[in-house]
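Architecture and fold: a report
Below, each chain spelled out in residue letters.
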Amino acid sequence: MTAGGAALPGPDGRLRCPWGLSAQDYTDYHDTEWGRPVHGDDALFERLSLEAFQSGLSWLTILRRREGFRAAFAGFRIARVARFTDADRERLLADPGIIRNRAKIDATIANAKVLAEWEPGELDALVWSHAPDPAGRPAPRTLAEVPAVTPESTALSKALKKRGFRFTGPTTAYALMQACGLVDDHLADCCARAPRAAG
């Protein structure tokens, strides 16, 4: 049952992706957010920023600081973050409620400045234009079958970098695609996997 990271029963008896059982924060996130479609420029900017902050760290570390990040980054409202000043940067570097990484903080502010020049809905359209056809993606049965990078995430990464984004490599782009429902990487037997439409 556990070989290769197959779905496991939780305390409620329902099968879940193994990572969704390691902490209650993970279980809540796994059951209610991960893999569900996210739309809206500000919402996608938040997810993209948090995925960038996660690079090299545990996602649990980010989840447990998410409210701190939201407070520090003005709710990830693009128009507000784009106006952050050097004083804001220093404030963020001193904020214990977030990950105080200068390069990631600078990238988040720089990305907001890029996005502030876009038309409303442009980030949403760009991100979702890279969603693969779900018919060509069989449901993974084990964690070993879940990729870290795909051709689509590589293309999304290149498209974002071409537009001036930082900290948006192919692995970060794929994590965004998983988190925001562009792909459904819940395991085949997982209770949170979206049911496939008949026909």
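Residues numbered from 1 in each chain as written. Predicted model: local features only at pLDDT ≥ 70, side-chain atom pairs only at ≥ 80, totals over all residues. Heavy atoms only, no water.

Within an unreviewed UniProt entry, the label attached to the protein reads DNA-3-methyladenine glycosylase I, and the organism entered is Streptomyces radiopugnans.

A few words now on the UniProt feature "binding site: Zn(2+)" (unreviewed entry) in the protein. The sites that UniProt annotates as "binding site: Zn(2+)" (unreviewed entry) are Cys17, His30, His186 and Cys190. The greatest C-alpha distance among the residues just named is 10.1 Å, despite their covering 174 residues of sequence, which places them together in space. Mapped onto the secondary structure, Cys17 falls in the loop between strand 2 (15–16) and helix 1 (24–32). With residues up to four places along the chain from it excluded, the contact list for Cys17 reads His30, Asp185, His186, Leu187 and Cys190. On the secondary structure map, Cys190 appears in the segment after helix 10 (170–179). Using a relative accessible area of 6% as the deciding quantity, one classes Cys190 as buried. (UniProt positions renumbered as here; feature names shortened; annotations may be inferred. Helix = DSSP H or I, 4+ residues; strand = E, 2+ residues; numbered from the N terminus. Contact = heavy atoms within 4.5 Å. Buried < 20%, exposed > 50% of the residue type's maximum accessible area, 1.4 Å probe, protein only.)

Attention now moves to the pattern of salt bridges. Per the counting criterion, the structure on display carries 17 salt bridges. The salt bridge partner of Arg14 is Asp12, with a shortest N-O separation of 3.4 Å. Exposure remark for Arg14: the relative accessible area of 42% places this residue in the partly exposed category. Between Asp12 and Arg16 there is a salt bridge, with the nearest N and O atoms lying 2.8 Å from each other. One connected set of salt bridges, linked through shared partners, spans Asp12, Arg14, Arg16 and Asp31. (Salt bridge = Lys/Arg side-chain N within 4 Å of Asp/Glu carboxyl O.)

Among the structural elements, Asp106 can be located in helix 7 (residues 102–115). Here Arg89 takes part through its side chain, which lies 2.5 Å from a polar atom of the side chain of Asp106. When sequence neighbours within four positions are dropped, the list of residues in contact with Asp106 reads Arg89 and Arg166. (Polar contact = N/O pair within 3.5 Å; in protein donor to acceptor, adjacent residues only side chain to side chain.)

Turning our eyes to something else, we now look at helix 6 (residues 86–93). All of the buried residues in helix 6 are Asp88, Arg89, Leu92 and Leu93. Across the axial projection of helix 6, the buried residues extend over an arc of 140 degrees, all falling on one side. (Arc of directions from axis to C-beta.)

What follows covers the packing of aromatic side chains. This model, assessed by the stated rule, comprises 11 aromatic pairs. Taking 6.5 Å as the distance between ring centres and 20 degrees as the angle between the ring planes, the aromatic pair formed by Phe69 and Phe73 counts as stacked. Assigned by exposure class, Phe69 and Phe73 land together as buried. Plain terms: the ring middles of Trp118 and Phe165 are 5.7 Å apart, the flat faces sit at 65 degrees to each other, and that makes the pair edge-to-face. A residue pair is termed long-range when its members are at least 10 positions apart, and Trp118 in the loop between helix 7 and helix 8 (122–128) and Phe165 in the loop between helix 9 (151–162) and helix 10 qualify at 47 residues. Assessed through its relative accessible area of 11%, Trp118 is described here as buried. By relative accessible area, Phe165 is classed as buried at 5%. An aromatic cluster of three or more residues is present, and its members are Phe45, Phe53, Phe69, Phe73, Phe76 and Phe84. Positioned above the aromatic ring of Phe84, the side-chain terminus of Arg91 is 5.3 Å from the ring centre. In this structure, Arg163 is placed above the aromatic ring of Trp118, and the distance from its NZ or CZ to the ring centre is 4.0 Å. (Phe/Tyr/Trp six-rings, centres within 6.5 Å; stacked < 30°, edge-to-face > 60°. Lys NZ or Arg CZ within 6 Å of the ring centre and 35° of its normal.)

All right, on to the nonpolar core then. Among the nonpolar cores identified, the biggest contains 48 residues, and Phe45, Phe69, Phe73, Leu92, Ile105, Leu123 and Phe165 are the most heavily contacted of them. In this structure, Ala7, Cys17, Leu187 and Ala192 belong to the second largest nonpolar core, which totals five residues. (Core = buried A, V, L, I, M, F, W, Y, C linked by side-chain atoms within 4.5 Å.)

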